[in-house]
Amino acid sequence: MNAPARIVAPSIPRKGYGHGGKQRRFESIEARGARARLADDHPAIVEGRTIMPKRVYQPGDLPRLLVSGKNSRKIGAVVERGRWGGAPIFTLTLEERATCPRSCAEWNTCYGSNMNWARRIAHGPEFEAMLWAELEAKQAEHPAGFVVRLHVLGDFYSVGYAELWGEAMAIFPALRVFGYTAHPPASDIGRIVSRLNERHPDRFAYRFSGHDAPTRGSVVIERGEDTPHTVCLAQRGLTDAAGNAKADYCAACALCWQSDRTIAFWRH
């Protein structure tokens, strides 16, 4: 029997990822080769949802939506270099496929299928209201700047939601945002994202997934594959003369918001 499209988790929060517990390192940035490909008739593919419906939570059942980057080895707690240096990082995770365009090139191979511990937030009016309140609180708490790694999983699920981020950028001057969208640049949502990149070039750094152009794109390649684009520094694990890692997580890398060059990511 197929699992239902959505199962909401209990309201009692569990310790660990996303709840301020000890830092976990579930989300390795190391490239591990080809991901599993779900069959076209898999329920998650047909219904447009995660394969882990028990990891979808209603917003009111969570203590917070914006989670400190310290909970993810891939992200890091505070930006360590570049123009956003010193700013704390927070992540926001929605449900993959349920909030994504079906045109996404990774629809059947989403890396979310490997993220067993990620807490996906159910989207909708309640989510947007709570998100706004948290952004308002972060503005007051971090007036010098804070960063949101937008959509670790998931995407802009409506024009209205994309415009909400435009309003947030206008109202909260401390807010910095970086992330990736599978919406094409010429789509309604894509045009909103492009406008935000143009209006806030020092604060909004968003790329178009699968956009194989010199700038504002991100592409997925196999490890060792030739590419004209810069390969994610964090994945490359660059080291100094002593062999110490210099940029093996986002906070130490900064490429995604320091440059508009298209970035290539090894499939993981």
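Small disclaimer: the values here were computed from a predicted structure and weren't measured.

**Student:** Honestly, the overall build of the protein chain in this entry has me stumped. Any pointers?
**Tutor:** Along its length, the protein chain carries 7 helices and 10 strands. Put simply, the protein chain has 268 residues, and 55% of those count as buried. In the protein chain, the share of contacts with a sequence separation of at least 24, taken over all contacts with a separation of at least 6, comes to 77%. Approximately 12,200 Å² of the protein chain is accessible, and the part contributed by carbon and sulfur atoms is 52%.

**Student:** Please clarify how the nonpolar core should be interpreted in this entry.
**Tutor:** The tendency in soluble globular proteins is for nonpolar side chains to be buried side by side. One finds Leu 92, Leu 131, Leu 135, Tyr 161, Trp 165 and Leu 175 to be the most contacted residues of the largest nonpolar core, which totals 33 residues. Looking at this core, the elements that each hand over two or more residues are helix 2 (125–141), strand 5 (146–150), helix 3 (159–171), strand 6 (175–181), helix 4 (188–199) and strand 7 (204–209). Per element, the largest residue contribution to this core is 6 residues, and it comes from helix 3. Non-local contacts of Leu 175, meaning those with residues more than four positions away in its chain, are made with Leu 135, Gln 139, Phe 146, Val 148, Trp 165, Ala 168, Met 169 and Arg 203. The next biggest cluster of nonpolar side chains, apart from the first, holds 24 residues, and it includes Ile 75, Val 147, Cys 256 and Phe 265.

**Student:** How should the pattern of salt bridges be read in this particular structure?
**Tutor:** Side chains that differ in sign of charge can pair as their charged atoms come close. Applying the stated rule across the entire model yields 4 salt bridges. Between Glu 47 and Arg 49 there is a salt bridge, and its shortest N-O distance comes to 2.8 Å. Given a relative accessible area of 38%, Glu 47 falls into the partly exposed group. For Arg 49, a relative accessible area of 5% translates into the label buried. Among the salt bridges present, the one from Arg 191 reaches Asp 188, with a minimum N-O distance of 2.5 Å. Linking Arg 191 with Asp 188, this pair stays in helix 4, spanning 3 residues, or about one helical turn.

**Student:** Just checking my understanding: could you explain the side chain of Asn 71 for this structure?
**Tutor:** Counting through the fold element by element, Asn 71 comes out in the loop between strand 2 (67–68) and strand 3 (89–91). Reaching out from Asn 71, the side chain makes a polar contact with the backbone oxygen of Ser 68 at a distance of 3.1 Å.

**Student:** How do you make sense of unusual backbone geometry when you look at a structure like this?
**Tutor:** Phi is mostly negative for residues that are not glycine, and the peptide bonds are mostly trans. A positive phi is found at Arg 97, a non-glycine position, where the angle reads about 70°. Positionally, Arg 97 belongs in the loop between strand 3 and strand 4 (120–121). Residue classification places Arg 97 among the buried residues on the basis of a relative accessible area of 3%. The phi angle at Ala 254 is positive, at roughly 70°, despite the residue not being glycine. Residue position: Ala 254 is located in the loop between helix 6 (250–253) and helix 7 (255–258).

**Student:** Quick question: what am I supposed to make of helix 2 here?
**Tutor:** Residues lying three or four places apart along an α-helix face the same way, a consequence of the helix completing one turn every 3.6 residues. Look at helix 2: 24 Å from first C-alpha to last across 17 residues, which is about the 24 Å you get at 1.5 Å a residue. Buried residues in helix 2 make contact with strand 3, strand 4, strand 5, helix 3 and strand 6.

**Student:** I keep staring at the sheet that holds strand 5 and nothing clicks. Help me out?
**Tutor:** The pairing of strands in a sheet comes from backbone hydrogen bonds and takes either a parallel or an antiparallel form. Read across the open sheet, the 8 strands follow the order 2-3-5-6-7-8-10-9; overall the sheet is mixed. Edge positions in the open sheet fall to strand 2 and strand 9 (230–231), since each of these has one partner strand only. As judged from the 5 bridges shared by strand 6 and strand 7, these two strands associate in the parallel manner. Each bridged residue has a counterpart across the sheet, and for Thr 181 the counterpart in strand 7 is Phe 208. Sitting on the sheet, helix 4 touches strand 6 and strand 7, and the angle it makes with strand 7 is about 145°.

**Student:** Looking at this structure, I do not really get the pairing of strand 6. What am I missing?
**Tutor:** The side chains of a regular strand alternate between both faces of the sheet. Counting buried positions over the 7 residues of strand 6 gives 7, a clear majority of the element. Because side chains alternate across strand 6, one face comprises the buried residues Leu 175, Val 177, Gly 179 and Thr 181, and the other comprises Arg 176, Phe 178 and Tyr 180, equally buried. For the handedness criterion, the β-α-β arrangement of strand 5, helix 3 and strand 6 is classed as right-handed. Tracing the backbone out of strand 6, into helix 4 and back to the parallel element strand 7 gives a crossover that is right-handed.

**Student:** Sorry, what's going on with the packing of helix 2 against helix 3 here?
**Tutor:** Each pair of packed helices gets described by two things: the angle between the helix axes and the distance between those axes. Orientation of helix 2 relative to helix 3, taken along the N-to-C sense of each, is 15°, at an axis distance of 11 Å. Viewed along their axes, helix 2 and helix 3 adopt a mutual orientation that is roughly parallel. Note on packing geometry: the crossing formed by helix 2 with helix 3 is right-handed. For the pair formed by helix 2 and helix 3, the contact residues are Phe 127, Glu 128, Leu 131, Trp 132 and Leu 135 on the first element and Tyr 161, Leu 164, Trp 165, Glu 167, Ala 168 and Ile 171 on the second. Class assignment of the residues belonging to the contact of helix 2 with helix 3 gives a composition of 9 nonpolar, no polar and 2 charged.

Rules used throughout
- Residues numbered from 1 in each chain as written.
- Predicted model: local features only at pLDDT ≥ 70, side-chain atom pairs only at ≥ 80, totals over all residues.
- Heavy atoms only, no water.
- Helix = DSSP H or I, 4+ residues; strand = E, 2+ residues; numbered from the N terminus.
- Buried < 20%, exposed > 50% of the residue type's maximum accessible area, 1.4 Å probe, protein only.
- Contact = heavy atoms within 4.5 Å.
- Areas by Shrake-Rupley, 256 points an atom, 1.4 Å probe, with all protein chains shown as cover.
- Core = buried A, V, L, I, M, F, W, Y, C linked by side-chain atoms within 4.5 Å.
- Salt bridge = Lys/Arg side-chain N within 4 Å of Asp/Glu carboxyl O.
- Polar contact = N/O pair within 3.5 Å; in protein donor to acceptor, adjacent residues only side chain to side chain.
- Expected span 1.5 Å × (residues − 1).
- Pairing = 2+ DSSP bridges.
- Axes fitted to C-alpha atoms, helices over the stretch in contact; angles between N-to-C directions.
- Right-handed = clockwise from strand over helix to strand, strands pointing away.
- Parallel < 35°, antiparallel > 145°, perpendicular 65-115°, else oblique.
- Left-handed = near helix turned anticlockwise from the far one by under 90°.
- Nonpolar A, V, L, I, M, F, W, Y, C, P; charged D, E, K, R; others polar.

From the geometry alone we can't say anything about function, so treat these as descriptive.
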